[in-house]
Amino acid sequence: MNTLHTLLLQLENHIPNLEKTNSKISSSSIGWQIDHCLLVINGIIDQLEVSNPSAFQPKFNLPKFIVFTTGKIPRGKARAPKIVMPVDVATADELKSKIELAKANILKLSSFPTNAHFKHPFFNDLNTKQTEKFLAIHTKHHLKIIEDILK
């Protein structure tokens, strides 16, 4: 969780740049990138919290194996589900509020059963440990996009 907390602090540090864009890198602003990450973190942790651990069904999945082994998500290869796509550009205050919620949520991860899980659209069921790793990889992916927008 320390990794996720550190990544949240990095997202928070980019809030002053929320309106910046670079069409060569992404059609979305830095604010959108931050908001998307926070929607993913908070939404997935909410799903873990209400999941039924006995329903966890682990399966080998090649894309998951590649992403989890390399620690990288290839750019432009997948589209996020609508539920984690920000509709409106969040304000700085809204992003700060979502970051505080995410900080509280990541503290809960250690209290979840090992097989608390959520169904990822490409990787299938991810348990608590896998989810924590995915959230770190996903957030790093978007932080790299943010850094590239700022170059």
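Residues numbered from 1 in each chain as written. Predicted model: local features only at pLDDT ≥ 70, side-chain atom pairs only at ≥ 80, totals over all residues. Heavy atoms only, no water.

**Details of the packing of helix α2 (residues 30–50) against helix α5 (residues 128–150)**
Worth spelling out the cut-off: Between N-to-C directions, angles span 0 to 180 degrees; the directions come from axes that are lines fitted to C-alpha atoms, helices contributing only their stretch in contact. Helix and strand labels come from DSSP, where a helix needs a run of H or I of at least four residues and a strand needs a run of E of at least two; each type is numbered from the N terminus. Here the angle decides the label: under 35 degrees means roughly parallel, over 145 means roughly antiparallel, 65 to 115 means roughly perpendicular, and every other value means oblique. A contact between two residues is defined here by any heavy atoms of the two lying within 4.5 Å. Note that Gly is not counted as nonpolar here; it falls among the polar residues with everything else outside the nonpolar set of Ala, Val, Leu, Ile, Met, Phe, Trp, Tyr, Cys and Pro and the charged set of Asp, Glu, Lys and Arg.
For the pair α2 and α5, the least separation of the axes is 9 Å and the interaxial angle reads 175°. As far as their axial angle goes, α5 and α2 are roughly antiparallel. Here Ile 30, Gln 33, Ile 34, His 36, Cys 37, Val 40, Ile 41, Ile 44, Ile 45 and Leu 48 of α2 come into contact with α5, specifically with Thr 131, Phe 134, Leu 135, His 138, Thr 139, His 142, Ile 145, Ile 146, Ile 149 and Leu 150. Here the residues of the contact of α2 with α5 are counted per class, giving 14 nonpolar, six polar and no charged.

**Considering a nonpolar patch on the surface**
As a reminder, the rule being used: Distance thresholds for patches are 9 Å for like charges and 5 Å for nonpolar side chains (Val, Leu, Ile, Met, Phe, Trp, Tyr), applied to residues having over 30% relative accessible area and no salt bridge. Values of accessible area rely on a 1.4 Å probe in the Shrake-Rupley scheme; residue burial ignores everything except the protein chains shown. Salt bridges, as used here, are contacts in which a Lys or Arg side-chain nitrogen is within 4 Å of a carboxyl oxygen on Asp or Glu. Any residue under 20% of the maximum accessible area for its type is buried, any over 50% is exposed, and the rest in between are partly exposed; the area is computed with a 1.4 Å probe on protein chains only.
Together, Phe 60, Leu 62, Phe 65 and Ile 66 make up a nonpolar patch on the protein surface, roughly 460 Å² of accessible area in all. Positionally, Phe 60 belongs in the loop between α2 and α3 (62–70). By relative accessible area, Phe 60 is classed as exposed at 66%.

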